[in-house]
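Okay, here's what each chain looks like letter by letter:
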Amino acid sequence: CHREPGPDARKPPRSSDKFILLREYVYWDQHDLHRRAFDALTSPLGQQMSKYLYDDPKAATKAAACLVCHATDSAPTTPLAEKTAAQFSYELGVNCQACHGPSTPWLAEHFKLAWRDRPAAEKFKDFHLTDLRDPAVRAKTCAGCHVGNA
């Protein structure tokens, strides 16, 4: 999925071909700063901010208040005050699930060619995929980290 279109990926043509390029993962991995969001916490500036906030240059890498935007939250409905560092995946920074929603309901299905023929509304309703096509949902999802949602 989203790495490189296979020989049959565009046969027959689908309406989703207009915005699903099937190389999104490669772009994200090589160029998107979300992929390196956790690395920002270990950079000199990140360590300086961590020292200022927590009196420890490495504390930000374990602080839920930082990880909620610099890693992928595996328990997004848990209140921030109850989150622990163990609830975050940070190896890949802000990965697909951070924006599209927890992948347990949709990950296996979305690798199948038939997934692209499913109506978007079905994916959102039945698989709890976040509807990033809706501008309000997309803005709220992005603004949660890029502006703050406190």
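Just so you know, these numbers come straight off a predicted model, no measurement behind them. (Residues numbered from 1 in each chain as written. Predicted model: local features only at pLDDT ≥ 70, side-chain atom pairs only at ≥ 80, totals over all residues. Heavy atoms only, no water.)

As a further point, take the confidence of the model for the chain. Summing up the model confidence of the chain, the mean pLDDT is 89 and the portion of residues at 70 or higher is 93%. Helix H6 (residues 107–110) is the least confidently modelled element of the chain, averaging 89 in pLDDT, while helix H3 (residues 44–54) averages 98, the highest of any element. (pLDDT = per-residue confidence, 0-100. Helix = DSSP H or I, 4+ residues; strand = E, 2+ residues; numbered from the N terminus.)

At 3.6 residues per turn, the α-helix brings residues three or four places apart onto the same side. When the local axis directions of helix H8 (residues 135–148) are compared, the greatest deviation, roughly 40°, occurs at Cys142. The backbone nitrogen of Ala136 has a side-chain oxygen 2.8 Å away, supplied by the residue at the start of H8, namely Asp134. (Bend = angle between axes of the 7 residues up to and from the residue. Polar contact = N/O pair within 3.5 Å; in protein donor to acceptor, adjacent residues only side chain to side chain.)

As a further point, take the environment of Phe19. Looking at the secondary structure, you find Phe19 in the segment before helix H1 (24–31). Owing to a relative accessible area of 42%, Phe19 belongs among the partly exposed residues under this scheme. Look past the residues within four positions of Phe19 in its chain and what remains in contact with it is Glu24 and Arg133. (Buried < 20%, exposed > 50% of the residue type's maximum accessible area, 1.4 Å probe, protein only. Contact = heavy atoms within 4.5 Å.)

With that settled, consider unusual backbone geometry. Backbone geometry places Asp55, a non-glycine residue, at a positive phi of 60°. Along the chain, Asp55 falls in the loop between H3 and helix H4 (64–70). Residue Asp55 is classed as exposed on the basis of its relative accessible area, which comes to 62%. Positive phi values are uncommon outside glycine, yet His128 reaches one of about 60°. Mapped onto the fold, His128 is located in the loop between helix H7 (120–127) and H8. A relative accessible area of 53% means that His128 is categorised as exposed.

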